[in-house]
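Spelled out from the first residue to the last, the chains are:
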Number of protein chains: 2
Amino acid sequence: MWSAQDIQMMARAIQLAKRGRFTTAPNPNVGCVLTVNDEIVGEGFHIQAGGPHAEVHALRMAGDKSRGATAYVTLEPCSHYGRTPPCAKGLIEAGVARVVVAMTDPNPQVAGRGINMLKDAGIEVQTGLLEVDARALNPGFLTRMETGLPFVTVKVAASLDGKTALSNGVSKWITGPQARADVQRLRARHPALVTGIETILADNPTLNVRFDELGSVVAETGVLDESNVQQPLRVVLDSSARLTAEQASNLFGFASPILLVSTLAYSDAQLAAFPEHVETLVLAAKDGRVDLAALLAELGKRVNAVLVEAGATLAGAFVAADLVDELVLYQAPKLLGSHGRNMLVLPDWQTMDSIPAMTLCDERKIGSDRRYIFSLRRAD
Amino acid sequence: MWSAQDIQMMARAIQLAKRGRFTTAPNPNVGCVLTVNDEIVGEGFHIQAGGPHAEVHALRMAGDKSRGATAYVTLEPCSHYGRTPPCAKGLIEAGVARVVVAMTDPNPQVAGRGINMLKDAGIEVQTGLLEVDARALNPGFLTRMETGLPFVTVKVAASLDGKTALSNGVSKWITGPQARADVQRLRARHPALVTGIETILADNPTLNVRFDELGSVVAETGVLDESNVQQPLRVVLDSSARLTAEQASNLFGFASPILLVSTLAYSDAQLAAFPEHVETLVLAAKDGRVDLAALLAELGKRVNAVLVEAGATLAGAFVAADLVDELVLYQAPKLLGSHGRNMLVLPDWQTMDSIPAMTLCDERKIGSDRRYIFSLRRAD
């Protein structure tokens, strides 16, 4: 069904789409390639919400050459008027003859409408080419569209024997500078970070994205710069509403949105000391702490994806509650010893059937450490 | 100094040497290639102690063509009459014109004698080509020759979070069948295994090499078969001399040598029930257990290398006492949880400077698991 040319062009569209991975949120990453007689006449990707969609970039580049062209698009062209006119209309007006779509729109209310618009205009439309790869471009967008919940990634940095620190808490540095820079890239791709008050009290972290540490990906995208790098919503779980402005001086000192989530209301005195970019939210308790499922339902109203960068108790609680889509483990080639602190506080499982099902999705060397990405969703 | 031809031929000699890795103990692995005008006229490797050395195999294959040849040998040719005549003499008599040696004999009492014999006969001799690779052929032989102690490898199979079992001891299986077959190959390369009585009591293991599970390496060596596969000396640490023949029925039931090491003597009743292939040895105690340094000094009289396949307490004690040369870690992509059993019982280190220095030497995927090989010797 698909020619080598088709596969090659869609692969290129997917590569293009990836260049937007730090900047398109909350929109999905989309790439588009236009060809005439197997030659690329236009290409582009969605860079930023509010800006042109991938198809628009490609059509602009192609100009008159789009007449009779084949368009390869990683996601079904949109059919509605938003901040930009519908891309299906743009493709029709440009005289494109054939459209190959990697995946249809995941929103059941609009899925197929863009394709129908194209077909009604007499354009040949084919779908499903490299769909798995196209889906992998937008796990957060798809998960939230399909479930209403954000895609949840837990990040852990540990030794070979699964420890994050010695028994006395000494931990600097388990992993090397390259792995720490990779964490900056991970943060930069996430619209929200979740941590716990214990991490704030222990480390007084800022939890921002440090643009200077993003490294070569900035040049690779060709579009990421200090002005459009996205700072994640910083979510701090503070069940008992204990946090004071003094304790969170670095967190509060960086002026981008913070969401403090508790099960009790903060006092007026606390609130008065919080800067304007701090929002508070009271959620239901479960076992005396913020109900993590309720938290994700709430965050699902705001963002596509959440990165949990927390201590072993909170990160373990997400895993134990089966709320995690992906585990990113940075593993340093060291032994911290059996007295060291465990990387995740998890239940006392009694059978091998109880342990989480994990599928290794990616592994690579990062400096002297290794990074593993596991999917924690059971295959259907 | 070295031509591409030299490097290629020595690399081939090293590859040949490896084919003896399951069969030459206690002798080192040695390979030899003979060339005339850049053509290989003879080659061979040492297969088995008591059998011909690598040079003899190569000279036999070359026959008259060895006159004027260059010989590439991974270890300095021997100069003494043992079970076979000296190889230096054989090379001289065959009329070899040039000998390239990867490394000299590590025994300081004989080092250089073979080379001097060759030089005295007017043969051009060069040394040091691919020496690092040649040394890696025989870590046990070299360590024992240089220190009197065996090379010590600790094998561990654990989850990503550094656990070997759930809290209740359930552990079958952490790693997959390919990793378990690899352990058979690891055993088959070791002249001695060390374990503790707790492992015997818990699992009643046989601790033999199961030839059927060695897999494709049997064909790769071309010389390994059921008749020459070497069964390791099975060393069991039983500090309090508690073990009975009933408890070790599988261990004792396999008729190859066993060494029971304790700090107290076994009773006559115990000894009477032990089969003939069981030897007992009383060693000094340290902290109420067999002194591991004394154990290695004793094993250094017998074998080049020791594989520690023990529980977390004994394996950890070897690491903590800084007696380990190499850690082989089979890591399964699973989380057993923070209540699981730690892979190594280690001291409660208080600073990052206290943790063992480890250098990653090799890592590869084995089935769905990963195998890491770390050197635990600090670089000089």
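Residues numbered from 1 in each chain as written. Chains lettered and ligands numbered in written order. Predicted model: local features only at pLDDT ≥ 70, side-chain atom pairs only at ≥ 80, totals over all residues. Heavy atoms only, no water.

Going by what an unreviewed UniProt entry lists, chain A is known as Riboflavin biosynthesis protein RibD and is assigned to Shewanella submarina. Of the comments in the UniProt record for chain A, the one headed Function (unreviewed entry) reads "Converts 2,5-diamino-6-(ribosylamino)-4(3h)-pyrimidinone 5'-phosphate into 5-amino-6-(ribosylamino)-2,4(1h,3h)-pyrimidinedione 5'-phosphate." (UniProt positions renumbered as here; feature names shortened; annotations may be inferred.)

With that settled, the discussion passes to the sheet that holds strand β15 (residues 326-332) of chain B. Residues and elements named next belong to chain B. An order of β11-β10-β9-β8-β14-β6-β15-β18-β17 is seen for the nine strands of this open sheet, with the pairing classed as mixed. Both edges of this open sheet fall to β11 (278-282) and β17 (359-366), since each of them pairs with a single strand only. Across this sheet, the average inter-strand angle for adjacent strands is 20°, counted without regard to direction. Each of β6 (151-159), β8 (192-196), β9 (233-237) and β14 (305-308) touches helix α13 (residues 312-320); the most contacted strand, β8, lies at about 115° to it. (Pairing = 2+ DSSP bridges. Helix = DSSP H or I, 4+ residues; strand = E, 2+ residues; numbered from the N terminus. Axes fitted to C-alpha atoms, helices over the stretch in contact; angles between N-to-C directions. Contact = heavy atoms within 4.5 Å.)

Residue and element names in this part refer to chain B. Applying the stated criterion across every chain yields a total of 34 salt bridges over all chains. Notably, a salt bridge pairs Glu43 with Arg12, separated by 2.6 Å at the nearest N-O pair. Here Arg12 lies in helix α1 (residues 4-18) and Glu43 lies in strand β2 (residues 39-45), a separation of 31 residues in the sequence. Take Glu43: its relative accessible area is 19%, and that puts it in the buried class. A residue is classified by how much of its surface remains accessible, and Arg12, at 37% relative accessible area, is partly exposed. The shortest N-O distance in the salt bridge between Asp182 and Arg185 comes to 3.2 Å. (Salt bridge = Lys/Arg side-chain N within 4 Å of Asp/Glu carboxyl O. Buried < 20%, exposed > 50% of the residue type's maximum accessible area, 1.4 Å probe, protein only.)

Here chain A shows a mean pLDDT of 94. Residues at 70 or above account for 99%. Across the assembled chains, the prediction reports ipTM 0.81 with pTM 0.87. (pLDDT = per-residue confidence, 0-100.)

Residues and elements named next belong to chain B. Neither face of β14 is open: one carries Ala305 and Leu307, the other Val306 and Val308, and all of them are buried. Both β8 and β14 contribute to a ladder of three bridges, which runs parallel. When the sheet's bridge partners are listed, Ala192 is paired in β14 with Val306.

This paragraph deals with the relation of the copies chain A and chain B. In screw terms, the move from chain A to chain B is a rotation of 180° and a rise of 0.1 Å along the axis, fitting with an RMSD of 0.0 Å. Such a combination of turn and shift is consistent with a two-fold rotation axis. Among all residues of chain A, the minimum C-alpha distance to the rotation axis is found for Gly162 of chain A, at 2.3 Å. Interface overlap between copies is the fraction of interface residues in one copy that are interface residues in the other; for chain A against chain B it reaches 100%, indicating a shared surface. (Least-squares fit on C-alpha atoms with pLDDT ≥ 70 in both.)

Further remarks concern the side chain of Arg370 of chain B. Within the secondary structure, Arg370 of chain B sits in strand β18 (residues 369-375). The buried category is assigned to Arg370 of chain B, whose relative accessible area is 10%. Here the side chain of Arg370 of chain B touches Glu363 of chain A through a polar contact of 2.5 Å, side chain to side chain. Discounting residues that sit within four places of it in the chain, Arg370 of chain B has contacts with Glu363, Arg370 and Tyr372 of chain A together with Leu329, Tyr330, Gln331, Glu363, Arg364 and Lys365 of chain B. (Polar contact = N/O pair within 3.5 Å; in protein donor to acceptor, adjacent residues only side chain to side chain.)

Attention shifts here to the side chain of Glu309 of chain B. For Glu309 of chain B, the position within the fold is in the loop between β14 and α13. Every residue in contact with Glu309 of chain B, bar those within four places of it in the chain, is listed here: Lys155, Val183, Arg187, Leu193, Val194 and Thr195 of chain B.

Let us look at the interface of chain A and chain B. Tallying the contact residues gives 42 residues for chain A and 42 residues for chain B. Counting the surface chain A buries against chain B, the share from its top three residues, Leu160, Leu335 and Met352 of chain A, is 21%. In this assembly, chain A and chain B are joined by two salt bridges. Where chain A packs against chain B, one counts 21 residue pairs in polar contact (both at pLDDT 80 or more). Only β15 (326-332), β17 (359-366) and β18 (369-375) of chain A provide two or more residues apiece to the side of chain A that touches chain B. Considered class by class, the residues forming the side of chain A that touches chain B number 23 nonpolar, 11 polar and eight charged. (Buried area = accessible area lost by both parts, 1.4 Å probe. Nonpolar A, V, L, I, M, F, W, Y, C, P; charged D, E, K, R; others polar.)

Next up on the list: the packing of helix α12 (residues 292-299) of chain B against α13 of chain B. Residues and elements named next belong to chain B. Across the interface, α12 lies against α13 with an axial gap of 10 Å and an inter-helix angle of 85°. One way to sum up the angle between α12 and α13 is to call them roughly perpendicular. Here Leu292, Leu295 and Leu296 of α12 come into contact with α13, specifically with Leu314, Ala317 and Phe318. Here the contact of α12 with α13 is composed, by residue class, of six nonpolar, no polar and no charged. (Parallel < 35°, antiparallel > 145°, perpendicular 65-115°, else oblique.)

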